[in-house]
Amino acid sequence: MDKKIDQLLSNALSKGDEKKIREIYEYIYYQYYKLVAFCIAKYCTDIELIKDLTNDVFLNFFENVLNVKSSVKYYLLSSARNIAINYLKKENNIILVDDINKINISFDNKNSHYLYNELVDDLRNVLSDYEVSIIIKHCVDGLTFNELEKIYKIKSKTINKTFERAVKKFKNSERSKKYAK
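Keep in mind that this is a model prediction, so the values were computed, not measured.

Engineer: Looking at this structure, I do not really get the packing of helix H2 (residues 18-41) against helix H4 (residues 72-90). What am I missing?
Structural biologist: To characterise two packed helices, one gives the angle between the axes of the helices and the distance between these axes. Here H2 crosses H4 at 35 degrees, and the two axes come no closer than 9 Å. Here H2 runs over H4; the crossing is right-handed. Contacts between H2 and H4 involve Ile28, Tyr32, Leu35, Val36, Cys39 and Ile40 from the first element and Val72, Lys73, Leu76, Leu77, Ala80, Arg81 and Ala84 from the second. Partitioning the contact of H2 with H4 into residue classes produces 11 nonpolar, no polar and two charged.

Engineer: Would you mind going over the pattern of salt bridges with me for this structure?
Structural biologist: Oppositely charged side chains are able to pair whenever their charged atoms sit close together. By the definition in use, this model includes three salt bridges. Of the charged contacts, one joins lysine 20 and glutamate 23 as a salt bridge, the two residues approaching to 3.9 Å between their closest N and O atoms. Note that lysine 20 and glutamate 23 are positioned in helix H2 at a spacing of three residues, about one turn of the helix. Ionic pairing is found between lysine 51 and glutamate 48, a salt bridge with its closest N-O pair at 3.7 Å. Of the two residues, lysine 51 and glutamate 48 are both situated in helix H3 (residues 47-64); the distance of three residues between them amounts to about one turn of the helix. Residue lysine 51 is classed as partly exposed on the basis of its relative accessible area of 37%.

Calculation rules
Residues numbered from 1 in each chain as written. Predicted model: local features only at pLDDT ≥ 70, side-chain atom pairs only at ≥ 80, totals over all residues. Heavy atoms only, no water. Axes fitted to C-alpha atoms, helices over the stretch in contact; angles between N-to-C directions. Helix = DSSP H or I, 4+ residues; strand = E, 2+ residues; numbered from the N terminus. Left-handed = near helix turned anticlockwise from the far one by under 90°. Contact = heavy atoms within 4.5 Å. Nonpolar A, V, L, I, M, F, W, Y, C, P; charged D, E, K, R; others polar. Salt bridge = Lys/Arg side-chain N within 4 Å of Asp/Glu carboxyl O. Buried < 20%, exposed > 50% of the residue type's maximum accessible area, 1.4 Å probe, protein only.

The structure is reproduced here in structure tokens:
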């Protein structure tokens, strides 16, 4: 389905068919609106803010469609994450680590950037660069194991196992004790 959308959009843009482009934009909007909103909801809870940021994502996509080099879905989700994080940075409410609950870490809003850097340093003291990279890309950047498979050219199951072992290794280390809830 995603490749079909990418192809339809590419064809319509290359032909300059305004009506078809509008139809495809509308289709993309309705196809991905909930997914983009869900992605943004990982970073904020205010319903109106989620709606506004979701619309910002689509506006950004429509304005930059000719520069999109990845799939539509990947672009929208990356944009959603970036727009949400940028908004939170402006508001000093940033919480970069949204899925590190597997390591039992909690942040307060005011010190989250400092604590994030400290956490990364602690991870690097216990884990290999490869393990830290997988944890950061999965937990902070929100990439799935299937997406990481494409980056590392390693099967997603192997990356998942590496992630699970790295989390376990860190949880069993002395460094993790200061993050326990």
